[in-house]
Structures are given as C-alpha cells and as structure tokens.
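Observations on the three-dimensional arrangement
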Amino acid sequence: MEVPRLDHALNSPTSPCEEVIKNLSLEAIQLCDRDGNKSQDSGIAEMEELPVPHNIKISNITCDSFKISWEMDSKSKDRITHYFIDLNKKENKNSNKFKHKDVPTKLVAKAVPLPMTVRGHWFLSPRTEYTVAVQTASKQVDGDYVVSEWSEIIEFCTADYSKVHLTQLLEKAEVISGRMLKFSVFYRNQHKEYFDYIREHHGNAMQPSVKDNSGSHGSPISGKLEGIFFSCSTEFNTGKPPQDSPYGRYRFEIAAEKLFNPNTNLYFGDFYCMYTAYHYVILVIAPVGSPGDEFCKLRLPQLNSKDNKFLTCAEEDGVLVYHHAQDVILEVIYTDPVDLSLGTVAEITGHQLMSLSTANAKKDPSCKTCNISVGR
C-alpha cells in the first residue's frame, strides 16, 4: 500500500497523488504533532487507550520509497482504523539557519497489514536522512479520531538512484546529445602546483580521488567512486580542445587510445545542469576487471563502447577512431592511476573561466530536460 503526502497537494486537481488517494480511499485529516498538540477544531478526540507502535522497522529502502512495520499490543488492536506517520528530514547542523525549514510531512492511511509501503517522489529525496514516528488512530462515527501516543522516533536514510533511474536519465540525455564529432585526445587541466606535486609525491602518476557531490543528488558515484576527471570536448571549427578552462592553466593531454580501448568498459554516470542552457553528461571509463569496473557494474548502466550517443571507440581500417557528442559537455572519469609520461603537460594560451567549474555544483531541480520523476 502506498501512502501519499497530506498537505496542499490534496486540494490540487493536478496533484501527483490525487489518483493514488482515490484508489486507496485515504482520508485527509489534520494531525496533531508528536507531542499530541492539536488545534481546537482539529477533529481529533481526546486521547484514549490505543496500542502505541513500538519496535519500528524500516526495510526495502529505495531513493523514493520504503517499507515500514512495527509491533503493537493486542489490547484494543481491533479498534484501529488508521495509521498516522510523521516523516521529517533530519536537521542538518550545518544548514543555513535563516533558510525556510522543510515542511513536515504528515501521512495517513487506513489500517492495513504490515509492512506498509510509503512511496512518493514529491516528499522523499534520494540519499537523505529522515526521522519517522507512528501513531495509531480510530475513527469515530461523528468523524473525530481517537489517537494513541506517538511511537519513538527512529532515523533512516534513503538510497541512491538505481540502475533503473539512471537508465531514465540516460534516455533523457540521449535526446539532446547531438551529432558526433571526432577527437583524438583526452585532457585534464590543473594548476602547475598540482603537476609538480604529482611528480614529487606520487612517482609521476596521477591518483584517483573520490568524486565530489556535483550533479544529481541521487547519483551513486558522488562521494563514492574514485577516479580522475578528463575532458574530450573539441571546438567545432578546429577539431581540437578549447584553449580556455575553468580548472587551471596547465593541461595534460593523452592519446585517446591510452585510456579508452577494447580493454576498458564504459558506463553512464549522470546527467545534469547548473541553472544553465547547456548540460553535462558524466561517463566512467574503467579497465576491465579493475576495482572501478566492479564498482560500476553493480551500480551504473553499461554503454556499448562502439555504439552509443556520447562517446565511441570503433575500429576503422585497422585504426581506433573516436567520437564525442557535440551538444552536451562530457565529463569523463578514468578509474585507474595515469602516469604523466603517457602524455604531455603544457600551458594553455586561453583564459581560466572559473564560472564554468562544476566542482560540487548543485543540479537544477526544476529543469525538465535533465530531471526524472524521483527525488532530485
């Protein structure tokens, strides 16, 4: 059984939960808070003895749903007609104290066998910590409700996007990817100090680091996958990498076949924008059988390296030929160390465009092009 959100959405003819409510015959009521406080006209009667839920268990957690169950004393159990669920985002100590707080979500459902499924992308977000408490209720003939005390408060965290959700993002990205352009090198821009540090402290090899939290909030690679970011976009008129970069004036260039070849696998990682007209696609290249490859196999949709809408490697006349999508900005993560001796480091002649940096950039949750119908 699915439980919809009970707030202003219930009164909206275009509410995403309207049909769910009709099908489940759920009733909109005004709930008291966890301390039992209620308004004078709330329609909830004075509290009588109903079993208080305890030993609450949360299971089958996804990015926008979970199952909930609990135990109750048998006394007066047959009088229960409804369950009230108080769901709130857990307070973040580092959150902006002047920002409006998230409106608490009060859920109600007719009493059904447990466990009960709570599902709704309009109030559940991926990779987010929540608190939940439960109350039992009995609807009276006059429409009032007798309620139990609130249960203990427990905490849980929703999951990342699954492969199913990422495939939906992938399909949206394919729509705007555009035609394919040839390229021959991957490149990585950084400050001179970065390359000096690599030479002095890492034996000349760039090391994978944990991806930041840029992009979709539900992306399973954010804060988990280790890799090295590369670009491969080219200028339309020259077919070469642009001379501007937001990441530094020194550029490492490496032949495409050194990173992307028949001994690597290609995965789709994310699709997002940052309140701009242009969009980003994150791809992951992992050597076959490497730790990065094993990580991606479990979490990301795998692409056909020879035939996809974003980045291809195909043999033509005995030579590997490479193409990238023109209308999206590709961010390529390579999951193994890369030795600087495999390429060249040189200073670019263009500008450092800091406004184009995607470091820890947050995705625009209102963009219809790159969002799907689950938590952002």
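Residues numbered from 1 in each chain as written. Predicted model: local features only at pLDDT ≥ 70, side-chain atom pairs only at ≥ 80, totals over all residues. Heavy atoms only, no water.

Per an unreviewed UniProt entry, the protein chain goes by Phytanoyl-CoA 2-hydroxylase interacting protein like and derives from Canis lupus dingo. In its Function (unreviewed entry) section, UniProt records this for the protein chain: "May play a role in the development of the central system." We quote the UniProt Sequence similarities (unreviewed entry) comment for the protein chain here in full: "Belongs to the PHYHIP family." (UniProt positions renumbered as here; feature names shortened; annotations may be inferred.)

A count of helices and strands for the protein chain gives 5 helices and 22 strands. Within the protein chain, the proportion of its 376 residues that are buried is 47%. Considering only contacts in the protein chain between residues 6 or more positions apart, those separated by 24 or more positions represent 75%. Accessible area for the protein chain stands at about 19200 Å²; split by element, carbon and sulfur atoms hold 49% of it. (Helix = DSSP H or I, 4+ residues; strand = E, 2+ residues; numbered from the N terminus. Buried < 20%, exposed > 50% of the residue type's maximum accessible area, 1.4 Å probe, protein only. Contact = heavy atoms within 4.5 Å. Areas by Shrake-Rupley, 256 points an atom, 1.4 Å probe, with all protein chains shown as cover.)

Another aspect to go through is the pattern of salt bridges. One pass over the structure, following the stated rule, counts 10 salt bridges. Of the charged contacts, one joins Glu129 and Lys90 as a salt bridge, the two residues approaching to 4.0 Å between their closest N and O atoms. Here Glu129 is found in strand β6 (residues 129–139), whereas its partner Lys90 is found in the loop between β3 (82–89) and β4 (105–110), with 39 residues between them in sequence. For Lys90, a relative accessible area of 33% translates into the label partly exposed. For Asp160, the salt bridge goes to Arg127, with nearest N and O atoms at 2.7 Å. Linking Asp160 in the loop between β8 (154–157) and α2 (163–176) with Arg127 in the loop between β5 (116–119) and β6, this pair joins segments that are 33 residues apart in sequence. By relative accessible area, Asp160 is classed as buried at 16%. Residue classification places Arg127 among the partly exposed positions, given a relative accessible area of 22%. Each of Lys90, Glu129 and Glu155 takes part in a single network of salt bridges with overlapping partners. (Salt bridge = Lys/Arg side-chain N within 4 Å of Asp/Glu carboxyl O.)

Right, let's get into the sheet that holds strand β2 (residues 65–71). Taken in spatial order, the 3 strands of this open sheet run β1-β2-β5, and their pairing is antiparallel. Edge positions in the sheet fall to β1 (54–59) and β5, since each has one partner strand and no second. The average undirected angle you get between the axes of adjacent strands in this sheet is 30 degrees. Pairing between β2 and β5: 4 bridges, direction antiparallel. Bridge pairing links Ser65 to Arg119 in β5. (Pairing = 2+ DSSP bridges. Axes fitted to C-alpha atoms, helices over the stretch in contact; angles between N-to-C directions.)

What follows deals with the layout of surface pockets. In this structure, the second largest pocket occupies an estimated 1000 Å³ of space. Ser231, Pro246, Tyr247, Ile329 and Glu331 are the residues nearest the centre of the second largest pocket, which is lined by 41 residues in total. Elements with a minimum of two residues in the lining of the second largest pocket: β10 (185–190), β12 (209–210), β13 (226–230), β19 (319–325) and β20 (329–334). Class assignment for the residues of the lining of the second largest pocket results in 21 nonpolar, 14 polar and 6 charged. (1 Å grid on protein atoms, 1.4 Å probe; cavity = no way out; pocket = protein on both sides within 12 Å on 5 of 7 lines; lining within 4 Å. Points joined across faces, edges and corners; volume = space filled by probe spheres on them. Nonpolar A, V, L, I, M, F, W, Y, C, P; charged D, E, K, R; others polar.)

What follows concerns the sheet that holds β19. On the basis of which strands lie adjacent, the open sheet formed by 3 strands has the order β9-β19-β18 and antiparallel pairing. Each edge of the open sheet carries a strand with a single partner, namely β9 (180–183) and β18 (311–316). Strand-to-strand, the axes of this sheet are offset by a mean angle of 35 degrees, without reference to chain direction. Direction of pairing for β18 relative to β19: antiparallel, over a ladder of 6 bridges. Bridged to Glu316 within β19 is Val319.

Another point: the side chain of Arg188. Along the chain, the position of Arg188 falls in strand β10. For Arg188, the side chain forms a polar contact with the side chain of Tyr194, separated by 3.3 Å. A polar side-chain atom of Arg188 sits 3.0 Å from the main-chain carbonyl oxygen of Phe229. Apart from the residues lying within four places of it in its own chain, the contact partners of Arg188 are Tyr194, Phe195, Met206, Ile228, Phe229, Phe230, Tyr250, Arg251 and Phe252. (Polar contact = N/O pair within 3.5 Å; in protein donor to acceptor, adjacent residues only side chain to side chain.)

Once that is clear, we can look at the environment of Cys157. Take Cys157: it is sitting in strand β8. Cys157 sits 96 residues away from Ile61 along the chain, and the two C-alpha atoms are 8.1 Å apart. Setting aside anything within four residues of it in sequence, one finds Cys157 in contact with Ile61, Arg127, Thr128 and Glu129.

The next point concerns the nonpolar core. In terms of nonpolar packing, the biggest core is built from 56 residues, with Phe186, Met206, Phe230, Phe268 and Leu311 touching the most fellow members. At 7 residues, the largest contribution of residues to this core is made by strand β16 (residues 280–287). In this structure Phe186 touches Phe230, Ser231, Cys232, Phe252, Glu253, Ile254, Ala256, Leu259, Phe260, Ile285, Leu311 and Val332, once residues within four positions along its chain are discounted. Counting 24 residues, the second-largest nonpolar core is a separate cluster that includes Leu50, Leu107, Phe123 and Phe156. (Core = buried A, V, L, I, M, F, W, Y, C linked by side-chain atoms within 4.5 Å.)

Among the residues of helix α5 (residues 291–299), Gly292, Asp293, Phe295 and Cys296 are the ones counted as buried. Seen end-on, α5 carries its buried residues on one side only, within an arc spanning 160 degrees. Those residues of α5 that are exposed and angled more than 90 degrees off the buried face are Pro291 and Leu298. Elements in contact with the buried residues of α5: β15 (264–272) and β16. (Arc of directions from axis to C-beta.)

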